[in-house]
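Topology and contacts: notes
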Amino acid sequence: MADLRNNFVGIKSPNPFWLASAPPTDKAYNVERAFKAGWGGVVWKTLGEEGPPVVNVNGPRYGAIWGADRRLLGLNNIELITDRDLYTNLREMKQVKMNWPDRALIASIMVPCEEEAWKAILPLVEETGADGIELNFGCPHGMSERGMGSAVGQVPEYIEMVVRWCKQYTRMPVITKLTPNISDIRRPARAAKAGGTDAVSLINTINSIVSVDLDNFAPNPTVGGKGSHGGYCGPAVKPIALNMVAEIARDPETYGLPISGIGGITTWRDAAEFLVLGAGNVQVCTAAMTYGFKIVQEMITGLSDWMDEKGHRSLEDITGRAVPNVTDWQYLNLNYIAKAKIDQDACIKCGRCYIACEDTSHQAITNFVDGVRHFEVVDEECVGCNLCVSVCPVENCITMEQLPAGTLDKRTGRVVDPNYANWTTHPNNPMARQAAE
């Protein structure tokens, strides 16, 4: 059986599934239930500095995006950090860690961008026995307007500065949580590494308005007739998160920097994708808020079964395995040729492939042959875009098949070249021509 034990920057947990800092980790009651369900660790909901707690709204805090079957695809939340007293949180954290010594307990922290503020809170957190801290530089609403959260995460110099303070004033491993609301995720990751961070976690929520109430003409969620931008999370953000994790994992300046992957993880497969793209573990929020804490049991079983099936003995066997295969567009093989093929036995004659191709692509699929409704790929027109595969409602009904080297591509009239070629040397590339000259 695959070994799912996780050692992330020295923080040990029985599996790589942690709950992210969010409402599910706001109090001991929740965290105890999560650990009983099987979660390997939690990142406690973000703590603020000593003094009056932050004030959250008392009305709706979430907006939602649903699929056609009303399956939740994304949440937009306007909730802030914990609104519970700092010392109440600290007492509960200490007791939970005593009760569950084998589970990872990380304290998320957000205080003003001042050295004394960080210096004051770190010893208090350390006294709880927490395994590490996560610096919340990601929250895009409410706190950012106060100079915290993403207001820090969008300035690499601030990130490096605060990380240095934390490394100076605590023995605990430091995980720096990055905001996706930035043009190049590598810059804040490099800054965190320069400051001495032990790891980064990403992504935090994406700044968003998910919908507008067309009766009240206000963004959702609506509080007293008004709405605000908030943080977007859930399955819909997973592609953005995967790309950002991969960017950090393959950047020469941050290569090898431990990553805790966050963003839309709902199934074991989602988690596996983050792991093979370089994440050392994963954090989950929306899935737990949608389906409850026991969803982790399916994640654990699914990941373990897949690893057993593929012969992977431990997490180290799969972590980062896909990173070498992530490249820039200019290095893709232009001599790789593929064509779509429709399995006529599996085809249900719905015509979605034909409509998509006819109206929006390359007119490479028939709808009638000899007066009979029939969908078939026209190789002379097919560019191998695989749109038809994406819109087909029947799994594996349409597949992409590579043309072997030496065969004729009917669309171009040229024989498939066995040699690798990319845009950097293509004759149509003006930069390539200049280099040759």
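Further up the page is the structure itself.
All figures in this text were calculated on a predicted structure; none of them were measured in a lab. (Residues numbered from 1 in each chain as written. Predicted model: local features only at pLDDT ≥ 70, side-chain atom pairs only at ≥ 80, totals over all residues. Heavy atoms only, no water.)

Topic: the overall build of the protein
In plain terms, the rule: In this text, helices come from DSSP runs of H or I with a minimum length of four residues, and strands from runs of E with a minimum of two, each type numbered from the N-terminal end. Whether a residue is buried, partly exposed or exposed follows from its accessible area with a 1.4 Å probe, protein chains only, as a fraction of its type maximum: under 20%, in between, or over 50%, in that order. The criterion used for residue contact is that any of the two residues' heavy atoms lie within 4.5 Å.
Looking only at helices and strands, one finds 13 helices and 22 strands in the protein. Dimensions of the protein, computed from the C-alpha atoms along their principal axes, are close to 80 × 60 × 50 Å. Put simply, the protein has 437 residues, and 50% of those count as buried. Excluding contacts between residues fewer than 6 apart, the proportion of contacts in the protein whose partners are at least 24 apart in sequence is 70%.

A word on the pairing of strand S9 (residues 174-177)
Test applied: What makes two strands pair is DSSP finding at least two bridges between them.
Every second residue of S9 is oriented toward a common face, with Val174 and Thr176 on one face and Ile175 and Lys177 on the other, all of them buried. Across four bridges, the pairing between strand S8 (residues 132-136) and S9 is parallel. Among the inter-strand pairings, leucine 135 is bridged to a residue of S9, identified as threonine 176.

Describing the sheet that holds strand S4 (residues 41-47)
Formally: Orientation is described by lines fitted to C-alpha atoms, with helices fitted over the stretch in contact, and by angles between N-to-C directions that extend from 0 to 180 degrees.
Around the barrel, eight strands lie side by side as S3-S4-S7-S8-S9-S10-S15-S16; this closed barrel has parallel pairing. Neighbour-to-neighbour, the strand axes of this sheet turn through a mean angle of 25°, independent of strand direction. Sheet topology places S9 next to strand S10 (residues 199-202); three bridges connect them, and they run parallel. Looking at S10, one finds that lysine 177 is bridged to serine 201. Relative to the sheet, helix H2 (residues 86-99) contacts S4 and strand S7 (104-109), its axis offset from that of S4 by approximately 170°. Set on the sheet, helix H3 (residues 115-126) makes contact with S4, S7 and S8; between it and S7 the angle comes to about 160°.

As for the nonpolar core
Under the convention used in this document: What is meant by a nonpolar core is a set of buried Ala, Val, Leu, Ile, Met, Phe, Trp, Tyr and Cys residues, joined one to another through side-chain atoms within 4.5 Å.
Counting 83 residues, the largest nonpolar core has Trp39, Trp118, Val125, Ile133, Leu135, Leu202 and Leu303 as its most contacted members. Broken down by element, the residue count for this core peaks at seven residues, all from helix H7 (residues 238-250). Setting aside its immediate chain neighbours within four residues, tryptophan 39 contacts Asn15, Phe17, Trp18, Leu19, Ala34, Arg103, Val284, Ala288, Phe293, Ile295, Val296 and Met299.

What to know about the packing of aromatic side chains
The line we're drawing: By convention, a stacked pair of Phe, Tyr or Trp rings (six-membered ring in the case of Trp) has centres within 6.5 Å and planes under 30 degrees apart, an edge-to-face pair has planes over 60 apart, and any other such pair is tilted. Geometrically, a lysine NZ or arginine CZ counts as sitting over a ring once it is within 6 Å of the ring centre and also within 35 degrees of the ring normal.
For the structure shown, the criterion picks out five aromatic pairs. Both rings, one in phenylalanine 8 and one in tryptophan 18, keep their centres 5.9 Å apart while their planes meet at 85°; by these two values the pair is edge-to-face. Note that phenylalanine 8 is positioned in strand S1 (residues 6-8) and tryptophan 18 in strand S3 (residues 17-19), a separation of 10 residues in sequence. Like tryptophan 18, phenylalanine 8 is buried. The interplanar angle of 50° and the centroid separation of 5.6 Å between the aromatic rings of phenylalanine 35 and tryptophan 100 together place this pair among those described as tilted. Taken together, the positions of phenylalanine 35 in helix H1 (residues 28-37) and tryptophan 100 in the loop between H2 and S7 put the pair 65 residues apart, joining distant regions of the chain. A cation over a ring is seen here: arginine 70 above tryptophan 66, with NZ or CZ 4.0 Å from the ring centre.

With respect to H2
Test applied: Any helix carries an expected span of 1.5 Å times its number of residues minus one. The arc in question is the one spanned by the directions pointing from the helix axis to the C-beta atoms. In protein, a polar contact means a hydrogen-donor-capable atom and an acceptor-capable atom, both N or O and within 3.5 Å, with residues adjacent in sequence counting only if both atoms are side-chain atoms; elsewhere, any N or O pair within 3.5 Å suffices.
Look at H2: 20 Å from first C-alpha to last across 14 residues, which is about the 20 Å you get at 1.5 Å a residue. The complete set of buried residues in H2 reads Leu86, Asn89, Leu90, Met93, Val96 and Lys97. Buried positions in H2, seen along its axis, are confined to an arc of 130° and lie on one side of it. Those residues of H2 that are exposed and angled more than 90 degrees off the buried face are Arg91 and Met98. In this structure, the buried residues of H2 make contact with H1, S4, S7 and H3. One side-chain oxygen at the N-terminal end of H2 lies 3.0 Å from the backbone nitrogen of tyrosine 87; it belongs to aspartate 85.

Description of the state of the cysteines
So the rule is basically this: Two cysteine sulfurs form what is called a disulfide whenever their separation falls within 2.5 Å.
Applying the stated rule across the entire model yields zero disulfides. You can see cysteine 139 has no disulfide; the closest cysteine sulfur is in cysteine 233, sitting 11 Å from it. Under the relative-accessibility criterion, cysteine 233 is labelled buried at 14%.

Observations concerning a nonpolar patch on the surface
Worth spelling out the cut-off: Patch membership is restricted to residues that have no salt bridge and whose relative accessible area is over 30%. Joining uses 9 Å for like charges and 5 Å for the nonpolar side chains Val, Leu, Ile, Met, Phe, Trp and Tyr. Accessible areas in this description were obtained via Shrake-Rupley with a 1.4 Å probe; residue shielding takes into account the shown protein chains only. Each reported salt bridge corresponds to a side-chain nitrogen of Lys or Arg within 4 Å of a carboxyl oxygen of Asp or Glu.
Taken together, the side chains of Ile209, Val212 and Leu214 present a nonpolar region at the surface, about 300 Å² in accessible area. Within the secondary structure, valine 212 is located in strand S12 (residues 212-213).

Concerning unusual backbone geometry
Following leucine 202, the chain continues to isoleucine 203 via a peptide bond in cis, the omega torsion being 10°. Mapping isoleucine 203 onto the fold places it in the loop between S10 and strand S11 (206-208). Backbone torsion omega between asparagine 220 and proline 221 reads -5°, so that peptide bond is classified as cis. Here proline 221 lies in the loop between strand S13 (218-219) and strand S14 (230-233). Its identity is not glycine, yet valine 9 carries a phi of approximately 45°, on the positive side. Tracing the chain through its elements places valine 9 in the loop between S1 and strand S2 (11-13). Of note in this structure, aspartate 370 is not a glycine but carries a positive phi near 55°. For aspartate 370, the position within the fold is in the loop between strand S18 (368-369) and strand S19 (372-373).

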